[in-house]
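Here is what each chain is made of, one letter per residue.
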Amino acid sequence: MESLNLISLRATSPTPRAAAGFSFQQSLNPIPKNSSISSLMPQAHKKNQSFLGQISFPAIKSQQFEVKDGSSTASETSVPEVDALKIKEWEVGMYQNEVAASQGIKIRRRPSSGPPQHYVGPFEFRLQNEGNTPRNILEEIVWNKDVEVTQMKEKKPYAVLKKLLDKAPPARDFIGALKAANARTGFPGLIAEVKKASPSRGVLRENFDPVQIAKAYEKGGAACLSVLTDAKYFQGGFENLELIRNSGVQCPLLCKEFVIDAWQIYYARVKGADAILLIAAVLPDLDLKYMTKICKLFGMTALVEVHDEREFDRVLAIEGIELIGINNRNLETFELDIANTKKLLEGERGQKIIEKGITVVGESGLFTPADIAYVQEAGVKAVLVGESLVKQDDPTAGIAQLFGKDISL
Ligand SMILES: O=P(O)(O)OC[C@@H](O)[C@@H](O)c1c[nH]c2ccccc12
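Residues numbered from 1 in each chain as written. Predicted model: local features only at pLDDT ≥ 70, side-chain atom pairs only at ≥ 80, totals over all residues. Heavy atoms only, no water.

The name recorded for the protein in an unreviewed UniProt entry is indole-3-glycerol-phosphate synthase, from Salvia splendens. Of the protein, the UniProt comment under Pathway (unreviewed entry) reads exactly: "Amino-acid biosynthesis; L-tryptophan biosynthesis; L-tryptophan from chorismate: step 4/5." Word for word, the UniProt comment on the protein under Catalytic activity (unreviewed entry) is "1-(2-carboxyphenylamino)-1-deoxy-D-ribulose 5-phosphate + H(+) = (1S,2R)-1-C-(indol-3-yl)glycerol 3-phosphate + CO2 + H2O". (UniProt positions renumbered as here; feature names shortened; annotations may be inferred.)

(A) Just the overall build of the protein, in detail. Along the backbone of the protein there are 18 helices and 14 strands. Residue burial in the protein is summarised as follows: out of 409 residues, 56% are buried. Here the contacts in the protein between residues at least 6 apart in sequence split such that 70% fall between residues at least 24 apart. (Helix = DSSP H or I, 4+ residues; strand = E, 2+ residues; numbered from the N terminus. Buried < 20%, exposed > 50% of the residue type's maximum accessible area, 1.4 Å probe, protein only. Contact = heavy atoms within 4.5 Å.)

(B) Fine view of the sheet that holds strand E11 (residues 301-306). Taken in spatial order, the eight strands close into a barrel running E5-E8-E9-E10-E11-E12-E13-E14, and their pairing is parallel. Neighbour-to-neighbour, the strand axes of the sheet open up by a mean angle of 25°, direction not taken into account. By the bridge criterion, four bridges tie strand E5 (residues 189-194) to strand E14 (residues 382-385) in an arrangement that is parallel. Bridge pairing in E14 links leucine 190 to valine 383. (Pairing = 2+ DSSP bridges. Axes fitted to C-alpha atoms, helices over the stretch in contact; angles between N-to-C directions.)

(C) Geometry of the confidence of the model for the protein. Summarising the model, the protein shows a mean pLDDT of 82, and 76% of its residues fall at 70 or more. Within the model, the stretch residues 1-77 combines pLDDT values under 50 with 136 contacts to residues more than four positions away or in other chains. Here the predicted complex carries an ipTM of 0.99, next to a pTM of 0.79. (pLDDT = per-residue confidence, 0-100.)

See below:
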């Protein structure tokens, strides 16, 4: 199929960075793999490092110029071609950040190269600075994801995934299931979330059996399920997605990830996802357009998440987006306010949603029948609920409590 080939080819080079044919990991990496930023920092610079954890950012590793006795000497990797690549890579990185910033995106895709190592006597210091310190939790997650995806891609390149794609069972109709549930119950279609923990709420459920929870949700009348696949911050995993998909659960599955690279969509599909989350606070328009096209090609649904008016307007201007989530939680500050759904759907934007036939999902912070009624009144046809359900000993009963009614078949 010709169109598939075209997209597949582009998918191997979704960004100018990748198109240049190199990666940070491959081209610049002389610091030992397990080093972390904090271990390279002197005590005095360790304040404000709570986000940093044990991560080791490749972009920071790229700083390998040694400055001794005031004269600059290149380290072993600084052969001319590598230097040229470093400069190119830096330029491309800056360009990407500029494009994103022009669209109001504050999240930087990866750390920019801050000042290099410093040598004071026999000691080597890495200074923490604006360029290598995440400004908030979402940015930290994205930087980690960039490193994680680079490593995963090496293990399972596109060529391997493409073969597995052919064997994957076809994707299920995510929006169709939400609409059918809405028509059947008169309530917004429920996407029930299989989530063990989150950075804002900590561990939500100790004895966490993803398949048992998924089955309980389905029994309680959930239209679709959302499965957290991020391991580091949400204690989730792709194995949960796969286990649920193979357990006989019929509900379509949303892969709840921090997507920064088209490769993750291929991987999610291989693991059984029917839909995937794309976060407008992270992805510039071009990525959103390109990634929603890949989803369509795979028969998957993209749930495009927004949090404020600017993101909403960007997404409304992109053709072909059918499912938009309004997150009541600000992922940069954790602030939660269910009035956000109402605020964003008021006036012209709500009108546009109706004209375009877009389905809107109210996301986060929904705990009571009054909350459900409130967002339904605001115009959503679906809701995404995690904490209030996953915390219940019996998630099936939790759904009936949330809606104030048994919504199972
Ligand atoms: O647990 P809650 O408050 O019901 O929220 C569920 C879901 O909306 C939330 O997990 C979520 C919405 N968007 C996200 C993006 C990434 C991670 C998590 C999320």
